[in-house]
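Fold and geometry: a report
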Amino acid sequence: MPTSPQPESTVPAGAFGATVERIDVDHILHVVRKWSLLIIGGVLAAVLLALVISRANLPPYEAKSTLFLDQPIPASGGSEGRAVTVKIFSLGRTYAELAKSDQVMVEVQRRLRTNVGLNTLRSRIRVEPVADTQLLNVVGIDRSRTVAERLATSVNEAFRQEVERYQLAADVPPVQRLLITTIRSPDAVRPPTNEGRTIALTAVLALIIMIGVAFLLEYIQTDPEATAEPQTG
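This report concerns the structure included in the present document.

A tally of helices and strands in the chain yields 9 helices and 4 strands. In the chain, the succession of helices and strands from N to C terminus is α-α-β-α-α-α-α-β-β-α-β-α-α. Sequence-distant contacts in the chain: of pairs separated by 6 or more residues, those separated by 24 or more amount to 73%. Just so you have it, the chain exposes about 15,800 Å², and 59% of that area is on carbon and sulfur atoms.

For the rest of this paragraph, the subject is unusual backbone geometry. A negative phi angle characterises most non-glycine residues, just as the trans form characterises most peptide bonds. Its identity as a non-glycine residue notwithstanding, arginine 113 has a phi of 55 degrees, on the positive side. If you trace the backbone, arginine 113 turns up in the loop between helix H5 (102-112) and helix H6 (118-123). For arginine 113, a relative accessible area of 77% translates into the label exposed. Within the chain, aspartate 171 stands out as a residue other than glycine whose phi angle is a positive 55 degrees.

With that settled, the discussion passes to the pattern of salt bridges. The tally for this structure, following the rule as stated, stands at 12 salt bridges. Between arginine 111 and glutamate 107 there is a salt bridge, and its shortest N-O distance comes to 3.1 Å. With arginine 111 and glutamate 107 both in helix H5, this residue pair falls 4 residues apart, about one helical turn. Overall, the relative accessible area of 27% leaves arginine 111 in the partly exposed class. A salt bridge links arginine 126 to glutamate 128, with the nearest nitrogen and oxygen atoms 2.8 Å apart.

Time to look at the environment of threonine 181. Inspection of the secondary structure assignment puts threonine 181 in strand S4 (residues 179-189). Relative accessible area serves as the criterion here: at 41%, threonine 181 is assigned to the partly exposed category. For the pair threonine 181 and asparagine 156, spaced 25 residues apart in sequence, the C-alpha to C-alpha distance is 9.3 Å. Not counting chain neighbours up to four residues away, the residues in contact with threonine 181 comprise Thr66, Leu67, Phe68 and Arg160.

With 7 of its 8 residues buried, strand S3 (residues 135-142) lies for the most part within the structure. Pairing analysis gives 8 bridges linking strand S1 (residues 61-70) to S3, with the strands arranged antiparallel. Across the sheet, residue alanine 63 finds its bridge partner in S3, namely glycine 140. For strand S2 (residues 125-129) and S3, the ladder comprises 5 bridges, and the chain directions are antiparallel. When the sheet's bridge partners are listed, isoleucine 125 is paired in S3 with glycine 140. In textbook terms, the turn of a hairpin is the stretch between consecutive antiparallel strands, and for S2 and S3 this stretch comprises 5 residues, one of which, aspartate 132, has a positive phi near 60 degrees.

Thresholds applied
- Residues numbered from 1 in each chain as written.
- Predicted model: local features only at pLDDT ≥ 70, side-chain atom pairs only at ≥ 80, totals over all residues.
- Heavy atoms only, no water.
- Helix = DSSP H or I, 4+ residues; strand = E, 2+ residues; numbered from the N terminus.
- Contact = heavy atoms within 4.5 Å.
- Areas by Shrake-Rupley, 256 points an atom, 1.4 Å probe, with all protein chains shown as cover.
- Buried < 20%, exposed > 50% of the residue type's maximum accessible area, 1.4 Å probe, protein only.
- Salt bridge = Lys/Arg side-chain N within 4 Å of Asp/Glu carboxyl O.
- Pairing = 2+ DSSP bridges.

In structure tokens:
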């Protein structure tokens, strides 16, 4: 039997996927150029504000100095010298606490000629024994570089004076007295910050936001419905 011709099947356009609209690059560039002053001004204002906030919140200076704790006996060597060295290692934390004691802080107050409270003064000082060494790091912290360095220097001198007073009061023989030598003078620096990255991120975010504002303003200006006044009945 003859077969009747089957109708050709037709597939509607876009049946296998959504239609992708072509991005009007020329329109985007037109909007950006038209509102370029607004975009640039907004980005500069955001960057300037971020810079001001960043500079207003810079970390304080830290003046780090290093003390070397020693006794004459270890210089002669032998088991007795090694024992004294081990003792200094084990007492590192005790020496650090002594360097921040009230007696030392009172002397620091006198040297700096300040009325700042002892606890406030103590909070601006960091004393850290270096593990497995005879070293003690003393750090002065302040917004002023000069004050931070003077603070560390005053702590070093007051700590040395307090240790000598203890040893004299305890009648410690000179050969067994603790000797404190400054091997690194205070040098104030600011801890590293992420200011550059913060400014860059601020600029990128501000650029995105200002371009969005530009397109919003362009839409308001060109869309009749957006600019039409509502009719009253």
